[in-house]
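Inside the fold
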Amino acid sequence: MRDEGPRLETDRLLLRPPSAADFEPMRQMFCDPQVVAHIGAHPLPRADAWGRFQRDVGHWMLEGFGQFTVLEKASGRYVGKLGHARFLRDLGPKAQAEIEMTWTLASGFHGQGYGSEAGRAALDWFDARGTRRTACIVAEANLPSLRLAGKLGYREVDRLTGDGGARVVLVREA
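Here the structure is a predicted model, which is why all the values come from computation and not from measurement. (Residues numbered from 1 in each chain as written. Predicted model: local features only at pLDDT ≥ 70, side-chain atom pairs only at ≥ 80, totals over all residues. Heavy atoms only, no water.)

Let's talk about the packing of aromatic side chains
Here is the rule we go by: Put simply, two rings from Phe, Tyr or Trp (the six-membered ring, in Trp's case) pair if the centres are within 6.5 Å, and we call them stacked under 30 degrees between planes, edge-to-face over 60, tilted for the rest. Runs of E in the DSSP output that reach at least two residues are strands. Runs of H or I that reach at least four are helices, and both are numbered from the N terminus. Residue exposure (1.4 Å probe, protein chains only): buried if accessible area is under 20% of the type maximum, exposed if over 50%, otherwise partly exposed. We call a charge positioned above a ring when the Lys NZ or Arg CZ atom is no farther than 6 Å from the ring centre and deviates by at most 35 degrees from the ring normal.
A complete count under the given rule lists eight aromatic pairs for this structure. On the numbers, 5.0 Å between centres and 70° between planes, the contact of tryptophan 60 with phenylalanine 68 is edge-to-face. With a centroid separation of 5.2 Å and an interplanar angle of 75°, the aromatic rings of phenylalanine 65 and phenylalanine 126 are classed as edge-to-face. Of this pair, phenylalanine 65 sits in the loop between helix H3 (46-63) and strand S3 (67-72) while phenylalanine 126 sits in helix H4 (residues 114-127), and the two are 61 residues apart along the sequence. Residue phenylalanine 65 is classed as buried on the basis of its relative accessible area of 4%. Its relative accessible area of 1% is what places phenylalanine 126 among the buried residues. One aromatic cluster is present, formed by Phe23, Trp50 and Phe53 through successive ring pairs. Above the ring of phenylalanine 30, the side-chain terminus of arginine 52 is found at 4.7 Å from the ring centroid.

A few points about the pattern of salt bridges
Using the following cut-off: Throughout this description, the term salt bridge denotes a Lys or Arg side-chain nitrogen within 4 Å of a carboxyl oxygen of Asp or Glu.
Following the criterion strictly, the structure yields 15 salt bridges and no others. Ionic pairing is found between arginine 46 and glutamate 24, a salt bridge with its closest N-O pair at 3.3 Å. Taken together, the positions of arginine 46 in helix H3 and glutamate 24 in helix H1 (residues 23-29) put the pair 22 residues apart, joining distant regions of the chain. The exposure class assigned to glutamate 24 is partly exposed, which follows from its relative accessible area of 27%. Ionic contacts of the salt-bridge type, sharing partners, join the residues Glu24, Arg27 and Arg46 into one network.

Structural notes on the side chain of glutamate 100
Put simply, the rule is: Pairs of N or O atoms within 3.5 Å make up the polar contacts considered here, provided that, within protein, one atom can donate a hydrogen while the other can accept it, and that residues adjacent in sequence are counted only when both atoms are side-chain atoms.
When you line up the elements, glutamate 100 lands in strand S5 (residues 100-105). At 2.6 Å, the side chain of glutamate 100 forms a polar contact with the side chain of arginine 89.

Brief notes about the pairing of S5
Along S5, six of the six residues are buried, which leaves the element largely enclosed by surrounding structure. Taking every second residue as pointing to the same face, both faces of S5 are buried, with Glu100, Thr102 and Thr104 on one and Met101, Trp103 and Leu105 on the other.

Just geometry here; none of it tells us what the structure is for.
Now the structure itself:
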């Protein structure tokens, strides 16, 4: 049996590594046009969602950190996923970081402060591990995520263009 990993609690949220029961709500989240508007712009096919989910589960096993499942404590509802990952993708020459912070929240939870609440909890936990610099990459048009990145202490260092459109690269020093 594998270690269940850390469980973080805030006033309103529970953060924990993903479990099998999280796949279906995660898949549904990635089928919501509001959610995918700045992440590929199309609903994620079931097989792709499964691959993403397996990546999230495996990341905890290989790295000891990863994307937390975020649940609303009062209702138990799936809010989304948020955390850190080593995706090994090109973040441009100015990021100088291998580890990224990412977040994806179900649209029914947008605008309620859950991203910043969960983000602060995940950062506190991750910073205690000793990593000094992390990055995030956000679609230029995704203004709510850019605001969240700023609230979490990320600052713009670069802009990239490519198949994914215009993206802003941000970094944070712990």
